[in-house]
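Structural features, examined
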Amino acid sequence: MNEFDEILKSPVSRRAFVQRMGAAGLGVAATSLLGGTLLTGCNGGSSNGQAGPVANTYPANFGSGDIRILNYALTLEILEADLYRQALNVAAGRPIGNALVPIAQARATYGNAAAIGAGGLSGQLAAAGFLYLVQFAYVEAAHRDFLRVAIQANGGTPVAPNPGGYRFPGGNPGSNLKTILQNIVPLEETGVRAYLGAVPDFSNANFLQVAGTIYSTEARHSASLRYILDPNDPGPSRMLNDREVTSRPPSVETFEKLLQVQEVLNIAGGTYFA
């Protein structure tokens, strides 16, 4: 048993860990890690009353085993790919319902600058924001297509897109580039936290590695967009009391927040499903 396993299983070790982290100025993060993410609730607890990790519950149509987790990821990637498509079309001055053009035609089709106002972003940041929007739209589409193929190759059935489609809150990604990017950041951060929350559910190390590569890409997306919107942004966002906070002490940034399956599906269905 390694030291972290001991911390998770022993209330005494957990208390000592939080105390040590508190002495280092990281008490809030330590408490959140142990009490708010890895050890939420008492499902799966042992007979001696110690709390254990809460098992994620996946919809029945996601399949079983690791296929269900890949379908969970696919659900998110279908959503992200479609919202990026909408956002790029609006930013480029094209009809929101247009499909992405083949990637070889992307530069000629979308150009190097947004067709709508920058919304207060400087020229350099606006140019970078639009370039990232173009690039990320194709990355999300590639994630979606890869997961579909991976699921089929392993004998599973990929989930279908939401029958009603997807939409940004308010029905439109935004009236200027800054607003569009601001509306995409929560989408990206939900994806990052969703992948983190699903990590313990994988049994196949190869699938876990694939999920990790997608997770790291999503994290870079979020970090890039946050920098464009505010070059002084201190780093990954944490949600405290169910709201984003923009002035955060370093201890709050030490550990990223995890989201469990039902939390993510509630966000997706309640916010982005048309």
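Residues numbered from 1 in each chain as written. Predicted model: local features only at pLDDT ≥ 70, side-chain atom pairs only at ≥ 80, totals over all residues. Heavy atoms only, no water.

Scanning the protein chain from N- to C-terminus turns up nine helices and two strands. Going residue by residue from the N terminus, the α and β elements of the protein chain occur as α-α-α-α-α-α-α-α-β-β-α. The burial tally for the protein chain puts 44% of its 274 residues in the buried class. Taking all contacts inside the protein chain whose residues are at least 6 apart in sequence as the whole, residues at least 24 apart take part in 68%. Carbon and sulfur atoms make up 56% of the accessible area of the protein chain, which amounts to about 13300 Å² in all. (Helix = DSSP H or I, 4+ residues; strand = E, 2+ residues; numbered from the N terminus. Buried < 20%, exposed > 50% of the residue type's maximum accessible area, 1.4 Å probe, protein only. Contact = heavy atoms within 4.5 Å. Areas by Shrake-Rupley, 256 points an atom, 1.4 Å probe, with all protein chains shown as cover.)

What follows is about the packing of aromatic side chains. Counted by the stated rule, this structure contains four aromatic pairs. Aromatic pair Y58 and Y72: ring centres 5.6 Å apart, planes at 85 degrees, arrangement edge-to-face. Within this pair, whereas Y58 is found in the loop between helix 3 (27–37) and helix 4 (65–91), its partner Y72 is found in helix 4, the two being separated by 14 residues in sequence. Y58 sits in the buried class, given a relative accessible area of 10%. Judged by centre distance (5.4 Å) and plane angle (80 degrees), the rings of Y166 and F273 are edge-to-face. Of this pair, Y166 sits in the loop between helix 6 (123–153) and helix 7 (177–198) while F273 is found in the segment after helix 9 (261–272), placing the two residues 107 residues apart along the sequence. Taken together, Y84, Y132 and F136 form an aromatic cluster joined through their ring pairs. (Phe/Tyr/Trp six-rings, centres within 6.5 Å; stacked < 30°, edge-to-face > 60°.)

One pass over the structure, following the stated rule, counts five salt bridges. Of the charged contacts in the structure, one is a salt bridge between R85 and D82, with a shortest N-O distance of 3.0 Å. Taken together, the residues span about one helical turn, with R85 and D82 both in helix 4 at a distance of three residues. The closest approach of N and O atoms between R148 and D145, which form a salt bridge, is 4.0 Å. Separated by three residues within a single helix, R148 and D145 lie in helix 6, roughly one turn from each other. When its relative accessible area of 26% is taken as the criterion, R148 is described as partly exposed. Residues participating in the shared-partner salt-bridge network are R144, D145 and R148. (Salt bridge = Lys/Arg side-chain N within 4 Å of Asp/Glu carboxyl O.)

This part takes up the side chain of S222. Mapping S222 onto the fold places it in helix 8 (residues 205–229). A relative accessible area of 6% places S222 in the buried class.

With that settled, the discussion passes to the confidence of the model for the protein chain. Averaged over every residue, the pLDDT of the protein chain is 80; the share at 70 or more is 72%. Least confident of the elements in the protein chain is strand 1 (residues 239–240), whose mean pLDDT is 43; most confident is helix 4, at 97. Segment residues 20–53 is flagged for pLDDT under 50; beyond a separation of four residues in sequence, or across chains, it makes 58 contacts in the model. For residues 237–245, every residue scores under 50 in pLDDT, and the model assigns this stretch 25 contacts once sequence neighbours within four places are set aside. (pLDDT = per-residue confidence, 0-100.)

Turning our eyes to something else, we now look at the nonpolar core. With 56 residues, the main nonpolar core has Y72, Y110, F130, L133, L177 and I184 as its most contacted residues. Put simply, the parts of the chain that give this core at least two residues each are helix 4, helix 5 (106–110), helix 6, helix 7, helix 8 and helix 9. (Core = buried A, V, L, I, M, F, W, Y, C linked by side-chain atoms within 4.5 Å.)

With that out of the way, let us pick up the environment of A219. As for its placement among the helices and strands, A219 is situated in helix 8. Along the sequence, A219 and E188 sit 31 residues apart, while their C-alpha atoms lie 7.5 Å from each other.

All right, on to the packing of helix 6 against helix 7 then. Remark: helix 6 packs on helix 7, axes separated minimally by 12 Å, with the N-to-C direction vectors making an angle of 35 degrees. Considering only the axes of helix 6 and helix 7, their crossing is left-handed. Between helix 6 and helix 7, the contacting residues are A126, G129, F130, L133, E140 and L147 on the first element and L177, I180, L181, I184, E188 and Y195 on the second. Within the contact of helix 6 with helix 7, the residues separate by chemical class into nine nonpolar, one polar and two charged. (Axes fitted to C-alpha atoms, helices over the stretch in contact; angles between N-to-C directions. Left-handed = near helix turned anticlockwise from the far one by under 90°. Nonpolar A, V, L, I, M, F, W, Y, C, P; charged D, E, K, R; others polar.)

Next up on the list: the environment of L121. Structurally, L121 can be placed in the loop between helix 5 and helix 6. Expressed as a C-alpha distance, the spacing of L121 and K178, which sit 57 residues apart in the sequence, is 6.5 Å. Here L121 is in contact with A126, L177, K178, L181, I228 and L229, once residues within four sequence places are set aside.

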